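The lines below spell out each chain.
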Amino acid sequence: QVQLVESGGGLVQPGESLRLSCAASGFTDSNYVMSWYRQAPGKERELVAAIGSLGGSTNYYADSVKGRFTISRDHAKNQVYLQMNSLKPEDTAVYYCKARIYSSRWYEYWGQGTQVTVSS
C-alpha cells in the first residue's frame, strides 16, 4: 500500500525558510511523478511544484513560487523535498504531497498534509 507522509511545516516569519519532506513507501515502480500542492482557506488546491522520476524530465514550478521554491528527491531515502525560501504570507496553506505512479496505468496517492503559516 502506497503511503505518503509529509513533515516540516510550521510557523515562520516573512522572509524565512522551511523545508518540507515527503516520505514515500509502498511502491517500487520506476515511472512516477511527485508533486507538492497547497490549499489555502477558501481557495482551491493548487499545484506548486513537480518532479519526475525519468531522466531528462523538467521540474515544474508555479509562477508564484519560481525562484523561491525548489523541489528535489532522494531515491535512496524515498523522500521528496520542497525547499521554500523567502516565504510570504500568501504562501500560508496546507501543503500536500502527491504521487502519480505508472503501473499499467496511472494511480494517484495523497499525503495527509502539513500546515505552513507565514506571519509576523
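Not measured: the values here are computed from a predicted model.

About the thresholds
- Residues numbered from 1 in each chain as written.
- Predicted model: local features only at pLDDT ≥ 70, side-chain atom pairs only at ≥ 80, totals over all residues.
- Heavy atoms only, no water.
- Pairing = 2+ DSSP bridges.
- Helix = DSSP H or I, 4+ residues; strand = E, 2+ residues; numbered from the N terminus.
- Axes fitted to C-alpha atoms, helices over the stretch in contact; angles between N-to-C directions.
- Disulfide = S-S within 2.5 Å.
- Core = buried A, V, L, I, M, F, W, Y, C linked by side-chain atoms within 4.5 Å.
- Buried < 20%, exposed > 50% of the residue type's maximum accessible area, 1.4 Å probe, protein only.
- Contact = heavy atoms within 4.5 Å.
- Salt bridge = Lys/Arg side-chain N within 4 Å of Asp/Glu carboxyl O.
- pLDDT = per-residue confidence, 0-100.
- Polar contact = N/O pair within 3.5 Å; in protein donor to acceptor, adjacent residues only side chain to side chain.

## Describing the sheet that holds strand E1 (residues 3-7)
Line of reasoning, step 1. In spatial order, the strands read E1-E3-E8-E7; together these four strands make up an open sheet with antiparallel pairing. Here the strands that pair on one side only, and so sit at the sheet edges, are E1 and strand E7 (69-74). Each strand of the sheet is rotated relative to its neighbour by a mean of 15°, with strand direction disregarded.
Line of reasoning, step 2. With five bridges joining them, E1 and strand E3 (residues 18-25) adopt antiparallel strand pairing. Across the sheet, Gln3 pairs through a bridge with Ser25, a residue of E3.

## Some thoughts on the state of the cysteines
Each disulfide consists of one covalent bond between the sulfur atoms belonging to two cysteines.
Line of reasoning, step 1. Scanning the model with the defined rule gives one disulfide in all.
Line of reasoning, step 2. One disulfide bridge connects Cys22 with Cys97, the sulfur atoms lying 2.1 Å from each other. Its torsion about the S-S bond being -80°, the disulfide of Cys22 and Cys97 is classed as left-handed. One end of the pair, Cys22, is in strand E3; the other, Cys97, is in strand E9 (residues 93-103), with 75 residues separating them in the sequence.

## Digging into the nonpolar core
Line of reasoning, step 1. Met34, Trp36, Phe69, Ile71, Leu82, Met84 and Tyr95 are the most contacted members of the largest nonpolar core, which totals 31 residues.
Line of reasoning, step 2. Residue assignment for this core shows that the elements contributing at least two residues are E3, strand E4 (32-39), strand E5 (46-52), E7, strand E8 (79-84), E9 and strand E11 (114-118).
Line of reasoning, step 3. If you tally residues by element for this core, the top one is E9, at five residues.
Line of reasoning, step 4. With residues near it in sequence (within four places) discarded, Phe69 still touches Arg38, Val48, Tyr61, Leu82, Gln83, Met84, Asn85, Leu87, Asp91 and Tyr95.

## A closer look at the pattern of salt bridges
Where side chains of opposite charge bring their charged atoms close, a pairing between them can arise.
Line of reasoning, step 1. According to the stated counting rule, one finds six salt bridges in the structure shown.
Line of reasoning, step 2. We note a salt bridge from Arg68 to Asp91, for which the minimum N-O separation is 2.8 Å. Highlighted residues: Arg68 in the loop between strand E6 (60-61) and E7 and Asp91 in the loop between E8 and E9, separated in sequence by 23 residues. Just as Arg68 is buried, Asp91 falls in that class too.
Line of reasoning, step 3. For the salt bridge of Glu108 with Lys98, the shortest nitrogen-to-oxygen distance reads 3.4 Å. Within this pair, whereas Glu108 is found in strand E10 (residues 105-110), its partner Lys98 is found in strand E9, the two being separated by ten residues in sequence.
Line of reasoning, step 4. Judged by its relative accessible area of 44%, Glu108 is partly exposed.
Line of reasoning, step 5. The network of salt bridges with shared partners includes Arg38, Glu46, Arg68 and Asp91.

## Notes on the confidence of the model for the protein
Line of reasoning, step 1. Chain-level pLDDT for the protein is 94 on average; 98% of the residues reach the 70-or-more range.
Line of reasoning, step 2. Averaged pLDDT values over the elements of the protein bottom out at 94 in E7 and peak at 98 in E11.

## Thoughts on the environment of Glu46
Line of reasoning, step 1. Relative to the helices and strands, Glu46 resides in strand E5.
Line of reasoning, step 2. Residues Glu46 and Tyr109, 63 residues apart in the sequence, show an inter-C-alpha distance of 16 Å.
Line of reasoning, step 3. Excluding residues within four positions of it along the chain, Glu46 makes contact with Trp36, Tyr37 and Arg38.
Line of reasoning, step 4. A distance of 2.7 Å separates a polar atom in the side chain of Glu46 from a polar atom in the side chain of Arg38.

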